[in-house]
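# Notes for the structure review
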Amino acid sequence: MVDITLDQDKKDFIAEIEKLSGQKIMRCYQCGRCSAGCPLADYMDLLPNQVIKYVQLGLDKEVLECNTIWVCAACYRCSVVCPKDIDIARLMEALRLLILRDDIEKMDINKIKKEEYAELPQIALVASMRKYTS
Ligand code: SF4
Ligand code: SF4
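Residues numbered from 1 in each chain as written. Chains lettered and ligands numbered in written order. Predicted model: local features only at pLDDT ≥ 70, side-chain atom pairs only at ≥ 80, totals over all residues. Heavy atoms only, no water.

Moving on, we come to the domain arrangement of the protein. You can read the domains of the protein as domain 1 (8-102) and domain 2 (107-134). If you look at the interface, domain 1 gives seven residues, while domain 2 gives four residues. Roughly 390 Å² is buried in total at the junction of domain 1 and domain 2, and carbon and sulfur atoms are behind 55% of that figure. Broken down residue by residue, the surface that domain 1 buries against domain 2 is led by W70, R96 and L100, which jointly contribute 92%. Where domain 1 meets domain 2, there are zero salt bridges. (Domains from an automatic or database assignment. Contact = heavy atoms within 4.5 Å. Buried area = accessible area lost by both parts, 1.4 Å probe. Salt bridge = Lys/Arg side-chain N within 4 Å of Asp/Glu carboxyl O.)

Right, dumping it as structure tokens:
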């Protein structure tokens, strides 16, 4: 028999994500529409609906290790088609925030060479720093 009871740690994790994202995670009923239209699904190790399922199950370690939350481009395509009005892009952001708040950064700006700064589109640089650094 599979035990799907949520212990307090898992409940706390779900509550934290709901607070950070402003989304009612438990409303998701796994229709899969978010994943079906995601333009970056091929590059993700968990599909968007799987990310939500992991959060519903309180699988914090597993979901925080997936690359999906960093690959998501916040294009909002999934959020528009969700029949339960869940803004998945905000959920992804909340998961990234949990990691960045521990000062674990995904981009080291000190490793960008000076000559590369001149080549990089400034808007992409600023967007990347907002997404990948704390
Ligand atoms: S579209 Fe909405 S309800 Fe359907 S799986 Fe995605 S988040 Fe859940
Ligand atoms: S917001 Fe992220 S998860 Fe949603 S469709 Fe766009 S890239 Fe995919």
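That shown, we press on.
Among the 13 residues in the neighbourhood of ligand 1, the closest are listed as C28, C31, C34, I52 and C82. Counting residues per element, the ones that place at least two in the shell around ligand 1 are α2 (33-36) and α3 (48-56). Of the residues contributing to the shell around ligand 1, the split by class is eight nonpolar, three polar and two charged. (Near = heavy atom within 4 Å. Helix = DSSP H or I, 4+ residues; strand = E, 2+ residues; numbered from the N terminus. Nonpolar A, V, L, I, M, F, W, Y, C, P; charged D, E, K, R; others polar.)

All residues in the neighbourhood of ligand 2 are listed as C38, P39, M44, P48, C72, A73, A74, C75, Y76, R77, C78 and A89. When the residues that make up the shell around ligand 2 are grouped by side-chain class, the tally is 11 nonpolar, no polar and one charged.

The subject of this paragraph is the nonpolar core. Among the nonpolar cores identified, the biggest contains 27 residues, and I17, V51, V55, I88, L91 and L95 are the most heavily contacted of them. For this core, the elements supplying multiple residues, two or more each, are α1 (8-21), α3, α5 (68-71) and α7 (88-100). For this core, the leading source of residues is α7, giving seven residues. Residues in contact with V51, not counting those within four places in the same chain, are L46, V63, C66, T68, L91, M92 and L95. (Core = buried A, V, L, I, M, F, W, Y, C linked by side-chain atoms within 4.5 Å. Buried < 20%, exposed > 50% of the residue type's maximum accessible area, 1.4 Å probe, protein only.)

What follows is about the environment of E65. Position of E65 relative to the elements: it lies in the loop between α4 (60-64) and α5. Looking at E65, the relative accessible area reads 56%, which means it is exposed. Separated by 12 residues in sequence, E65 and R77 place their C-alpha atoms 23 Å apart.

Summarising the element assignment, Q23 is placed in the loop between α1 and α2. Judged by relative accessible area, which is 8%, Q23 ranks as buried. Here S21 takes part through its backbone oxygen, which lies 3.1 Å from a polar atom of the side chain of Q23. (Polar contact = N/O pair within 3.5 Å; in protein donor to acceptor, adjacent residues only side chain to side chain.)

One can find R96 in helix α7. The residues touching R96, leaving out its near neighbours within four places in the chain, are I69, W70, C72 and K131.

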